[in-house]
Amino acid sequence: MKYLKSLILTILGIFILNACNKNNDHEVVELESTLEILSTSESGAKISPQENVEFVGGKPQGNIIKVDPAKIKQTIDGIGTSFTESSAFVLAHLKESERRKVMENIFSEKGANFTLTRTHIGACDFCVDGRYSYVDKAGDTELKSFSINPDKEGFDKSKYPNLENTKYDLLPMIKEAMEIKGIQNDDELRIIASAWTAPSWMKDIEDWYIKGAPENNYQGTGGSLKPEYVGVYADYISKYIDAYKNEGVDIWGLTPVNEPHGNNGQWESMHFSPESQNEFIKSHLGPTLESNNQADVNLLIYDQNRDGIEEWTDVIFGDPETAPFVYGVAVHWYESTFKVYEDVFNRVNNKFPQYKIIHTEGCIDDLGKPAPQGITDPEKYQEKDWFKNDAFWWNHNATDWAYTATWPGVKIEDHPIYTPVHRYARNIIVSLNNWVTGWVDWNIVLDKNGGPNHVGNFCGAPIMIDTETKEVYYTPIFDVLAQFSKTIRPGDKALQTDKTLSGLDSDALHACSTINENNILSVQLLNTTKEPIEYNLQIGEKFAKVMIEANSVQTVRVQL
């Protein structure tokens, strides 16, 4: 009897241990079929379900996507988009019921349910008039005149007669998103705030920006902080965080400035070097946030193009006095229309694995803008026919700021014509497969021309609206982002995902995978070709034959 009891306890212990291992290590259970397959494609599918397929044993041949649930990588911070004054202004042209429908499609569980977002501190180029801060009174070092009224005062109907709601502005837009989130179970909304510039009087140029012109040899600038105002600028950012908190809006993340290399004075900007930003964080911003009980705000450095992050991370992550204040590094995608710079991400992660990499901005830039001097193919540089035309977004139609440019320092081979959907999906998939924890799009809504933008920097957006006819166009980019967002959530874990392609170009098929707390595996795939591709999804000792539509983004979900 004693022996039998001991045997039972031993068997029970082994059972419990195995169950724990399966839960913690995402051990593969006896797979039978896929749980769900979703597709968004050029042929018209919009997050549409496909027929599930069965798993079989054996060794797959041909095209193989192999997911290893035992190799867990980074924790995901989310997928999302951005709040800008321009987006709020465009939405203010819709009747309340129509605007609410758009916002629910963006933030509710029945819609994209975006979780990771970004907004601007003070003016940026995607403002109606721009050139403002929250303390425009020169010399107010105590910030007594500080006010976030510019974010909530609305717009003048006499100036913009097509407005439906003159009080709808940046802060009301954020609050509406929070309200939508607040009435559902999944209420996650993380906001990263980025300043484009300090108040103009704090900078050495004492202006918002100075454009390039013959008199300055076309060397425009946004200027830099005056030494006497470095600490005041840290207080300014801290005061913004408190002001938004008083409005019921918690700021989740923060970057000291957008694009510290500058933009040649084209719009609001401010310069930092890796060394000056490191000193700013170490001696001013970090301690200020800590002393004001704001240390839980996740501080991200840099906030510019991917190819340049190593210099910044080496300086700032490598400084033991600065590092404790920092959560990670923010990156953009404008240095190439197709490169993801995964080699750079891997080097940074190998050196600093404890820090996050978050993509904070990407869009279809310079949309429809006439070519400036120095462009050798001005006809293709200027896009056309993107509004209410899905074919534009699914095909080789977009160009960026450096397409065929002859300017010094531009590698034109990195800026070919591209397919907008491919650029988005490729960038997200390859990024998540290479240590990126979050991915944020730029303006969620713009008008049909890609504005307003007070300096004419028009760009594409997932949703574009004709402010005269009130037509709302959800571009294919919206459907792709929504598909990713609905199936990749904060807290999910990235998994090792490898591909073997047979007779296909390396860019033909891309894949990454994540797993959630319920052991649901989500595999994201992009087919860049005009033909369907059959591949084998291998998980453990089993695989399933799956067909991905031509020119499409597919999500395959599997219960482990």
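One structure accompanies this document, and this report is about it. Only a predicted model underlies this, so the values are computations on that prediction, with no experimental measurement involved.

1. Quick notes on the nonpolar core
Piece 1. With 127 residues, the main nonpolar core has I106, M202, Y233 and Y236 as its most contacted residues.
Piece 2. Per element, the largest residue contribution to this core is 10 residues, and it comes from helix α5 (residues 230–246).
Piece 3. Discounting chain neighbours no more than four positions away, the residues touching M202 are L143, S224, L225, K226, Y229, V232, Y233 and Y236.
Piece 4. Counting residues in hydrophobic clusters, the runner-up holds 24 residues, among them F55, I515, V523 and I533.

2. Structural notes on helix α6 (residues 274–291)
Piece 1. With 18 residues, α6 extends 24 Å between its outermost C-alpha atoms, agreeing within 8% with the 26 Å of an ideal straight helix rising 1.5 Å per residue.
Piece 2. Helix geometry: α6 is bent most strongly at I281, by close to 50 degrees.
Piece 3. Where α6 is concerned, the buried positions are P274, Q277, N278, F280, I281, K282, L285, G286, T288 and L289.
Piece 4. Looking at the buried positions of α6, the neighbouring elements they touch are α5, β8 (253–255), β9 (298–305) and α7 (309–316).
Piece 5. Phi turns positive, to about 55 degrees, at N293, one or two residues after α6.

3. Looking at the sheet that holds strand β20 (residues 542–548)
Piece 1. Spatially, the 10 strands line up as an open sheet ordered β2-β1-β21-β18-β17-β16-β4-β19-β20-β3, and their pairing is mixed. Because the sheet does not close on itself, it has two edges, and the strands there are β2 (48–50) and β3 (56–57).
Piece 2. In terms of strand pairing, strand β4 (residues 64–75) meets strand β19 (residues 533–539) through 4 bridges, oriented parallel. Across the sheet, residue V67 finds its bridge partner in β19, namely I539.
Piece 3. Set on the sheet, helix α11 (residues 420–432) makes contact with β4, β16 (493–500), β17 (509–515), β18 (520–527) and β21 (552–559); between it and β18 the angle comes to about 140 degrees.
Piece 4. Contacts from helix α12 (residues 476–487) reach β1 (36–41), β17, β18 and β21, with the element oriented near 15 degrees to β21.

4. Focus: the packing of α11 against α12
Piece 1. Running from N to C, α11 and α12 cross one another at 20 degrees; their axes reach a closest spacing of 9 Å. What the angle tells us is that α11 and α12 run roughly parallel. Crossing handedness for the pair α11 and α12: right-handed. Where α11 abuts α12, its residues P420, V421, Y424, A425, I428 and I429 lie against P476, I477, V480, L481 and F484.
Piece 2. In the contact of α11 with α12, the residues fall into 11 nonpolar, no polar and no charged.

5. A closer look at unusual backbone geometry
Piece 1. The omega torsion of the bond from G451 to P452 falls at 5 degrees, within 30 degrees of zero and hence cis.
Piece 2. With respect to the element layout, P452 can be found in the loop between β13 (445–447) and β14 (463–465).
Piece 3. Residue D303 is not a glycine yet carries a positive backbone phi of 80 degrees.
Piece 4. Structurally, D303 can be placed in strand β9.
Piece 5. Judged by its relative accessible area of 0%, D303 falls in the buried class.
Piece 6. One non-glycine residue with positive phi stands out, namely D385, at about 60 degrees.

6. Focus on the pattern of salt bridges
Piece 1. Applying the stated criterion across every chain yields a total of 33 salt bridges.
Piece 2. Across the pair E30 and K542 runs a salt bridge whose closest N-O atoms are separated by 3.0 Å. With E30 in the loop between α1 (2–25) and β1 and K542 in strand β20, this pair connects stretches of sequence that are 512 residues apart.
Piece 3. The shortest N-O distance in the salt bridge between D303 and R118 comes to 3.0 Å. Of the two residues, D303 is situated in strand β9 and R118 in strand β6 (residues 116–121); the sequence distance between them amounts to 185 residues. The same class applies to D303 and to R118, which are both buried.
Piece 4. It is possible to trace a salt-bridge network through shared partners that takes in R99, R100, E104, K110, E176 and E179.

7. Things to note about the packing of aromatic side chains
Two aromatic rings, taken as a pair, are described by how far apart their centres are and by the angle between their planes.
Piece 1. Using the criterion set out here, one finds 28 aromatic pairs in the structure.
Piece 2. Considering the side-chain rings of F146 and Y236, the 5.7 Å spacing of their centres and the 70 degrees angle between planes classify their relative orientation as edge-to-face. Taken as a pair, F146 in the loop between β6 and α4 (170–182) and Y236 in helix α5 lie far apart in primary sequence, 90 residues in all. Residue F146 shares its accessibility class with Y236, and that shared class is buried.
Piece 3. Ring-pair connections join several aromatic residues into one group, and the members of that group are Y134, F146, Y233, Y236, Y240, Y244, F272 and F280.
Piece 4. Against the face of W442 rests R118, its NZ or CZ located 5.4 Å from the ring centre.
Piece 5. One Lys or Arg, R423, reaches over the ring of W333 and ends 4.1 Å from the middle of that ring.

8. Some details on the pairing of strand β7 (residues 190–195)
Piece 1. Taking burial as the measure, the 6 residues of β7 include 6 buried ones, the bulk of the element.
Piece 2. Across the two faces of β7 the burial is the same, with R190, I192 and S194 and I191, A193 and A195 all buried.
Piece 3. Where β6 meets β7, 6 bridges bridge the pair, whose relative direction is parallel. Within the sheet, the bridge partner assigned to T117 lies in β7 and is I191.
Piece 4. Crossover handedness for the path β6 to α4 to β7: right-handed.
Piece 5. For β7 and β8, the ladder comprises 3 bridges, and the chain directions are parallel. Each bridged residue has a counterpart across the sheet, and for I192 the counterpart in β8 is G253.
Piece 6. Where the polypeptide runs from β7 across α5 and back to β8, its parallel neighbour, the crossover connection is right-handed.

About the cut-offs
Residues numbered from 1 in each chain as written. Predicted model: local features only at pLDDT ≥ 70, side-chain atom pairs only at ≥ 80, totals over all residues. Heavy atoms only, no water. Core = buried A, V, L, I, M, F, W, Y, C linked by side-chain atoms within 4.5 Å. Buried < 20%, exposed > 50% of the residue type's maximum accessible area, 1.4 Å probe, protein only. Helix = DSSP H or I, 4+ residues; strand = E, 2+ residues; numbered from the N terminus. Contact = heavy atoms within 4.5 Å. Expected span 1.5 Å × (residues − 1). Bend = angle between axes of the 7 residues up to and from the residue. Pairing = 2+ DSSP bridges. Axes fitted to C-alpha atoms, helices over the stretch in contact; angles between N-to-C directions. Parallel < 35°, antiparallel > 145°, perpendicular 65-115°, else oblique. Left-handed = near helix turned anticlockwise from the far one by under 90°. Nonpolar A, V, L, I, M, F, W, Y, C, P; charged D, E, K, R; others polar. Salt bridge = Lys/Arg side-chain N within 4 Å of Asp/Glu carboxyl O. Phe/Tyr/Trp six-rings, centres within 6.5 Å; stacked < 30°, edge-to-face > 60°. Lys NZ or Arg CZ within 6 Å of the ring centre and 35° of its normal. Right-handed = clockwise from strand over helix to strand, strands pointing away.

What is shown is where atoms sit, not what they do.
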